[in-house]
Every structure is written in structure tokens, then in C-alpha cells.
Amino acid sequence: MLKKKILVVDDEPSISMLIEFNLKLAGYDVRCVDDGEAVFDMLRPFRPDLIVLDLMLPKMDGIQVCRELRKQNNAVPIVMLTALQDVTDKIAGLDNGADDYMTKPFSPQELISRIQAIFRRLQSLPGAAPSSAIDIGRMSVRPDEREVLIDGKLIELTPKEFELLVFLCKHKGKVLSRQQLLHGVWDYHFLGDTRIVDVHISHLRDKIEKNARTPEYIMTVRNVGYKLHGPSALEQTLA
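Sequence positions are assigned chain by chain, starting from 1 and proceeding in written order. In keeping with the predicted nature of the model, local features appear solely for residues at pLDDT of at least 70, side-chain atom pairs appear and are counted solely at 80 or more, and the whole-chain, interface and lining totals rest on all residues. Here the side-chain values reflect all heavy atoms present in the structure, with hydrogen atoms and water set aside.

When a carboxyl oxygen of Asp or Glu is within 4 Å of a side-chain nitrogen of Lys or Arg, the pair counts as a salt bridge. One pass over the structure, following the stated rule, counts 17 salt bridges. Its salt-bridge partner being Glu 12, residue Lys 104 comes within 3.3 Å of it at the nearest N-O pair. Residue Lys 104 is located in strand β5 (residues 100-104), and its partner Glu 12 is located in the loop between β1 (5-9) and α1 (13-25); the two are separated by 92 residues in the primary sequence. One salt-bridge network, in which partners are shared between bridges, spans Asp 10, Glu 12, Asp 54 and Lys 104. Helix and strand labels come from DSSP, where a helix needs a run of H or I of at least four residues and a strand needs a run of E of at least two; each type is numbered from the N terminus.

Following this line, the structure appears as C-alpha cells:
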């Protein structure tokens, strides 16, 4: 079996060496670069299966790299590395298409666990049984085509936003804790940062709800989590 390829992007040699050593020990093919622009030089010759991307980089920072990759419709999974105090930067990373983030300092083993979770999730997609469209109120979710339509209009979602929405749809009416969502969508089998869930829920609401402050689909269940609510026929008529 071919080794999965991981591109590590960090301008701190000690961090790059630590990540590279542990990823190679775990059986991955690893390349390292130390600036944002070099990522695009490596895409064609190396063809990474995943990118570990530091936020603060010379020439082109992590957010810019992430945004440009998604603009090019490159869906390579990205794990963003951020400083512990930069909460807004974590959110910005997720907002621009990062699949996950980790704060420095971090455990190399946890990073490997996150990467393995992403690969497990991706491997499960090709063998999945065909899924028919899920119609809820004004929304139509098409898992096979990876499309979401509201009133017939195509809504642009990031890969992770789409997976979260499909998971909610498949559990329509059921209250899901943030930890259940981390497990089901991110494949975390350990205690993860639930802020990831909250950020993606917020982005989903901005895109699929008429008014994100008074949602008709994704409801918050205080102190528990979220559930997908299908508008009743009366609510749709009144709308």
C-alpha cells in the first residue's frame, strides 16, 4: 500500500523536524517547506494527501494559503497550527476551509490521531451506499452530488460544512451533543475542542437560514448541543 503523503508547512525548524520525525515514524511520506508560497510549488510534484499548515508564515500566511487552495477547488485536508491565544485566527482558519486546527504547544501523538481521523473519514466516503436527496422544508441536500439547494438555488459550502449538514439531516429531530458531532463528523474518539462545532454551525446558519439569529433548521438546545428541525407545512406556508 502506498504511503499517505503529508506536506508540513512551518518556518520553525524545530517544529518541522519534530512533526516530520513523528509522522515518518507513523508510516507517512513527509515533505517540509518553510513558507506559504512553497506550498503551491509542491502541489504538483508531491501531490500531498494532507497539509499541516502553520498560521504565521513568511511570504504568504496560512489563512491566505488555505483561501487560495479552496479558491482553486483543491479539497486537500488541512490541519492548521495556531498559537494558543489566537482564538480569532482559529475561527478564520476554519472559515477559509481548514478541516481542523491545533494549538501550540501540542502533542505529536494527538496531531497524528487527528490526521488518522481525517483519513479514516475520507476512506469511508467512496464505499458508501448511494444516498438519495434529503428534502427538508425549502432545503434539498444531495449527498451524491455534494450539493445543497435552498429554494432551488445552489448554496456554496465548504467540505466540512457539507458533511456536518448531512450528518444533522440523517439525524433529523435528534438532539446531538457537540461531542457526538465531533465524533460523527470529525471522527474524534477523544475529547476535542467543541469550538470547532460551534464555528461550523454558525457558518452553516449564515448560509442556509433566512435569519441566522432565528433559525428554522439548526436549533440550539441549551447546555446540550444542536438538532436539525424540519419546518412544518404551516411554517412554510406562513414563510
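Now for the nonpolar core. Residues grouped as a nonpolar core are buried Ala, Val, Leu, Ile, Met, Phe, Trp, Tyr and Cys residues, joined through side-chain atoms within 4.5 Å. Here's how the labels work: a residue is buried when its accessible area is under 20% of the maximum for its type, exposed when over 50%, partly exposed in between, all with a 1.4 Å probe on protein chains only. Ile 51, Leu 53, Met 139, Val 141, Leu 165 and Ile 218 are the most contacted members of the largest nonpolar core, which totals 53 residues. For this core, the element with the highest residue contribution is helix α6 (residues 159-170), accounting for seven residues. Here a residue-residue contact requires only that any non-hydrogen atoms of the pair lie within 4.5 Å. Among all residues touching Leu 53, those that are not within four sequence positions of it are Val 9, Gly 62, Val 65, Cys 66, Ile 78, Val 79, Met 80 and Leu 81. Formed by 18 residues, the second largest nonpolar core is a distinct cluster that contains Val 8, Tyr 28, Val 79 and Leu 111.

As a rule, the C-alpha atoms of each element are fitted with a line to give its axis, helices using only the stretch in contact, and angles between N-to-C directions run from 0 to 180 degrees. For the pair helix α2 (residues 37-46) and helix α3 (residues 62-71), interaxial distance at closest approach is 9 Å and the crossing angle is 40°. Between α2 and α3, the angle falls in the class oblique. Crossing hand, α2 versus α3: right-handed. Residues Val 39, Phe 40 and Leu 43 of α2 touch α3, and the partners they reach there are Val 65, Glu 68 and Leu 69. Side-chain classes are defined by residue name, with Ala, Val, Leu, Ile, Met, Phe, Trp, Tyr, Cys and Pro counting as nonpolar, Asp, Glu, Lys and Arg as charged, and the others, Gly among them, as polar. Taken together, the residues that form the contact of α2 with α3 break down as five nonpolar, no polar and one charged. Any angle that is under 35 degrees is reported as roughly parallel, and any over 145 degrees as roughly antiparallel; angles of 65 to 115 degrees are reported as roughly perpendicular and all others as oblique. Two helices that cross are described as forming a left-handed crossing if the nearer one is turned anticlockwise from the farther one by less than a right angle, and a right-handed crossing if clockwise.

As summarised here, the arrangement of the five strands in space is β2-β1-β3-β4-β5, forming an open sheet in which the pairing is parallel. Across the chains shown, the open sheet's two edge strands, defined by having one partner strand only, are β2 (29-33) and β5. Averaged over all adjacent pairs, the angle separating strand axes in this sheet is 20°, with direction ignored. Criterion used throughout: strands pair if DSSP finds at least two bridges between them. Inspection of the sheet shows strand β3 (residues 50-54) paired to strand β4 (residues 78-83) by four bridges, in the parallel sense. Counted as the bridge partner of Ile 51 is Ile 78 from β4.

With that settled, consider helix α7 (residues 178-186). Owing to its 3.6 residues per turn, the α-helix aligns residues three or four sequence positions apart on the same side. Leu 181, Leu 182, Val 185 and Trp 186 are the residues of α7 that are buried. Angularly, the buried residues of α7 cover 105° about the axis, an arc narrow enough to put them on a single face. One or two steps after α7, the chain reaches Asp 187, where phi turns positive at roughly 60°. This arc is built from the directions going out from the helix axis to the C-beta atoms.

Glancing now at the environment of Asp 54. In this fold, Asp 54 is placed in strand β3. Here Asp 54 falls in the buried class, since its relative accessible area comes to 5%. As a C-alpha pair, Asp 54 and Leu 81 span 27 residues in sequence and 4.5 Å in three-dimensional space. The residues touching Asp 54, leaving out its near neighbours within four places in the chain, are Val 9, Asp 10, Asp 11, Gly 62, Met 80, Leu 81 and Lys 104. Polar contacts, as used here, are pairs of N or O atoms within 3.5 Å; protein pairs need one atom able to donate a hydrogen and one able to accept it. Residues neighboring in sequence count only if both atoms are side-chain atoms. A distance of 3.1 Å separates polar atoms of two side chains, one belonging to Asp 54 and the other to Lys 104.

In this structure, the amide linkage connecting Lys 104 to the following residue, Pro 105, adopts the cis form with an omega of -5°. As for its position among the elements, Pro 105 is in the loop between β5 and α5 (108-124). Positive phi, normally seen in glycine, also occurs at Lys 59, with a value near 70°. Within the secondary structure layout, Lys 59 lies in the loop between β3 and α3. A relative accessible area of 64% means that Lys 59 is categorised as exposed. In this structure, Arg 146 is a non-glycine residue whose phi angle is positive, near 55°. Within the secondary structure, Arg 146 sits in the loop between β7 (139-142) and β8 (147-150).

Let us look at the packing of α7 against helix α8 (residues 195-208). Between α7 and α8, whose axes approach to 9 Å, the crossing angle comes to 80°. Comparing the axis directions of α7 and α8 gives the class roughly perpendicular. Within the contact between the two elements, α7 uses Arg 178, Leu 181, Leu 182 and Trp 186 and α8 uses Ile 196, Val 197, Asp 198 and His 200. Taken together, the residues of the contact of α7 with α8 break down into five nonpolar, one polar and two charged.

Note that all results are geometric; they support no functional claim without further evidence.
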